[in-house]
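Topology and contacts: notes
Listed here are the chains, written in short residue letters.
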Amino acid sequence: MFINSVAYAPTNGIANNSSTNNNSASNVNSTTMKALDTNIMTVFEHQRLTVHDFLQASDFQWLMAQEFAVFTIKRKQGQWQLKVGHYIGIVLLPSGMTLEILPKMIASASTSRTPQQQSFEPHHNSASDIRQARQWVQNMLSDLINTSNQYHSKLPNTKNLGQFNAQVTPLPLSAPSLSDWLAHHFLQRLAHYQPTQHYQAQVDNQATLQGRLLIKEQLRRNSVQPHKFVCERSVLSQDMLSNRVIKSALVWLAPLLQTAMPPKSIQLWQSVHALNYHERQQLESVYQQAKRQLALQPLSQLQANAAQQLLDLAYWLLQQSNIETGSGLDTNLPSNQSSSRPRLCLLIDMNQVFEQWASLRIASIFEQLNLNYQALYQAQSVWLNDAEGQACLSIRPDLLIYQIPDNDIHEDKSGRKTPYKNRHGTASAKKTRNYSHVIDIKWKHLSHSGAISASDAYQLTSYAQAYQAEQVWLVYPVQGNIRQPVALRQQVQGSSDRDSKPSNVAKLWLVPFDVLSGTLNGKLPQE
């Protein structure tokens, strides 16, 4: 763990704040000091946190009170512990420190290391580990962001990932913290959009008659003060719902932006009002209404796209802020404040995001190999029926690869070849598909081929039987290109010939996915 740009000596896998550590921290070289960030407390998946790991004990107590799903609360050796789950993200702590959660460090496998040594070790996190983890995480999120326009309708659970700037700038060699990265992308999107104005009805009870007189309201409200008029008029205003949702997200991100002078793009939003507490409690309906309102504005296609993407991003950020109190209560705050004060909290399920990233990368590999290859993402199919034909059990692999005939591919005017849209998505086409690959993707460490779990092996063989595919893969993460695909051979039971091969059985493969390069290791497994 790293706190306040200073590397603390690990204790039980976590840095502490003892005076000994403060003295040793002075020996950290300037390069390391510059690589780390002030007010950032960096931890990894599956680490255990205690009150001694925080500069402010109140931050630990606050996290305990929130009961976030990302943490598991345990008591060990007479002290409370928070174990980080399979999430990455950032949490703004009450002291102003930002808790940054990065993926677990997956050891690079080599022949000189034992399986025990190859398992990830959270106890020895260095500055280079943090920089490397930040770099590939941001590459992963950028990949999903930049490809969201093409795959957004196909990939599940991408609402949390398709809302950023689709034209992001290249990442620096020294990767920023996730909180800085998030703030940068929001500001980059904000710079391409100015708060729109529209005419909206405004009702006032005033001494002058302006606009349309509301007779019923006039009689009800001004029977004893005839010198006033209840009138309705159209006023040009920036307080349309889409602007207010964006302003609320900007307010939510303000703690990440307070160190720098506010750019012009932020100053333009100062006169816009944020959502109130009641509106935040009905965020979904407010968002849908804001989308409809925005669609009616006389904007160019470019402006409309920029506005919609910024609105989507703001909506997603505000969704995250709705989980600030978890299922617990902060006893140090009055009840009327603890429920209404937003707290920056962005948590992404690492299981989902890795599956999505690897799915996109692998589908792209097949597409580059042959345009006839098509991908289906988490397509659900009925696997078991009862005697009456009622569905009993369904299966949903992460990625299905199938081939379409040559006559389903057309060439446009520029000479580019692309598959016909929807032709291979018809009901008749689905029935005749021949699946070449069924791919399951797991965010879990496999130190060697023998580490595959029985449940994963059963899942692979079930997929092989259900889809009659040529190959079934289990894709898992590694760091580096040392690990290579490994074929799993099924033993035939009940046969005198131990070397006989089962008929019509798919080949099972363990395929490593290098998170540093974002690609599969080695050549594609052959039949």
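Refer to the structure presented above.
Residues numbered from 1 in each chain as written. Predicted model: local features only at pLDDT ≥ 70, side-chain atom pairs only at ≥ 80, totals over all residues. Heavy atoms only, no water.

1. A closer look at the overall build of the protein
Secondary structure assignment for the protein yields 17 helices and 25 strands. Residues classed as buried in the protein amount to 46% of the 527 residues present. Look at the contacts in the protein between residues 6 or more apart in sequence, and 71% of them connect residues 24 or more apart. When the accessible surface of the protein is summed, it comes to about 27,200 Å², and 49% of that surface belongs to carbon and sulfur atoms. (Helix = DSSP H or I, 4+ residues; strand = E, 2+ residues; numbered from the N terminus. Buried < 20%, exposed > 50% of the residue type's maximum accessible area, 1.4 Å probe, protein only. Contact = heavy atoms within 4.5 Å. Areas by Shrake-Rupley, 256 points an atom, 1.4 Å probe, with all protein chains shown as cover.)

2. Points about the environment of Asn-351
Along the chain, Asn-351 turns up in helix α15 (residues 350-369). Relative accessible area serves as the criterion here: at 25%, Asn-351 is assigned to the partly exposed category. In sequence terms Asn-351 and Ile-441 are 90 residues apart; their C-alpha atoms lie 9.0 Å from each other. Residues contacting Asn-351, with those up to four places away along its chain left out, are His-86 and Trp-443. Side-chain polar atoms of Asn-351 contact the side chain of His-86, separated by 3.3 Å. (Polar contact = N/O pair within 3.5 Å; in protein donor to acceptor, adjacent residues only side chain to side chain.)

3. So, the sheet that holds strand β7 (residues 71-76)
Either a parallel or an antiparallel arrangement is found when strands of a sheet pair, and the pairing is made through backbone hydrogen bonds. Reading across the sheet, the 3 strands line up as β6-β8-β7 and stay open at both edges, with antiparallel pairing between neighbours. The open sheet has two edge strands, β6 (48-49) and β7, and neither has a second partner. As paired elements, β6 and strand β8 (residues 79-84) share 2 bridges and run antiparallel to each other. In the strand pairing of β8, Leu-49 is matched with Leu-82. Across the sheet, helix α3 (residues 57-66) lies against β6, β7 and β8, angled at about 70° from β8, the strand it touches most. (Pairing = 2+ DSSP bridges. Axes fitted to C-alpha atoms, helices over the stretch in contact; angles between N-to-C directions.)

4. A word on the nonpolar core
Core analysis: the biggest nonpolar cluster contains 73 residues, and Met-140 and Phe-186 have the highest contact counts within it. Beyond its immediate sequence surroundings of up to four residues, Met-140 is in contact with Ile-88, Met-350, Val-353, Phe-354 and Trp-357. The next biggest cluster of nonpolar side chains, apart from the first, holds 21 residues, and it includes Leu-400, Tyr-435, Ala-464 and Ala-469. (Core = buried A, V, L, I, M, F, W, Y, C linked by side-chain atoms within 4.5 Å.)

5. Describing a nonpolar patch on the surface
On the surface, Leu-209, Leu-213, Ile-215 and Leu-219 cluster together into a nonpolar patch covering about 390 Å² of accessible area. Assignment of secondary structure puts Leu-209 in the loop between β11 (198-206) and β12 (212-213). (Patch = residues over 30% accessible without salt bridge, like charges linked within 9 Å, V, L, I, M, F, W, Y side chains within 5 Å. Salt bridge = Lys/Arg side-chain N within 4 Å of Asp/Glu carboxyl O.)

6. Concerning unusual backbone geometry
The residue Gln-77 is not glycine, and still its phi comes out positive at about 55°. By the element assignment, Gln-77 lies in the loop between β7 and β8. Accessibility expressed as a relative area gives 73% for Gln-77, which makes it exposed. The backbone of Gln-378 sits at a positive phi, close to 50°, despite the residue not being glycine. Relative to the elements of secondary structure, Gln-378 occurs in the loop between β15 (373-377) and β16 (381-385).

7. A closer look at the pattern of salt bridges
If you walk through the whole model with that rule in mind, you get 10 salt bridges. Notably, a salt bridge pairs Arg-212 with Glu-232, separated by 2.6 Å at the nearest N-O pair. Of this pair, Arg-212 sits in strand β12 while Glu-232 sits in strand β13 (residues 229-237), placing them 20 residues apart in sequence. By sharing partners, the salt bridges in this structure join Asp-440, Lys-442, Lys-444 and Asp-456 into a single network.

8. Describing the packing of aromatic side chains
For the coordinates displayed, the defined rule picks out 13 aromatic pairs. Considering the side-chain rings of Trp-136 and Trp-357, the 6.0 Å spacing of their centres and the 15° angle between planes classify their relative orientation as stacked. Placement of the pair is Trp-136 in helix α5 (residues 127-146) and Trp-357 in helix α15, with a sequence separation of 221 residues. For Trp-136, a relative accessible area of 2% translates into the label buried. With a relative accessible area of 1%, Trp-357 lands in the buried category. (Phe/Tyr/Trp six-rings, centres within 6.5 Å; stacked < 30°, edge-to-face > 60°.)

9. Side note on the pairing of strand β9 (residues 87-92)
β9 sits mainly inside the fold: 5 of its 6 residues count as buried. Where β9 and strand β14 (residues 345-349) come together, 5 bridges link them in antiparallel fashion. Counterpart to Gly-89 in the pairing with β14 is Leu-347. Where β9 lies against strand β10 (residues 98-102), 4 bridges are found, and the strand directions are antiparallel.

Read these as spatial facts, not as claims about activity.
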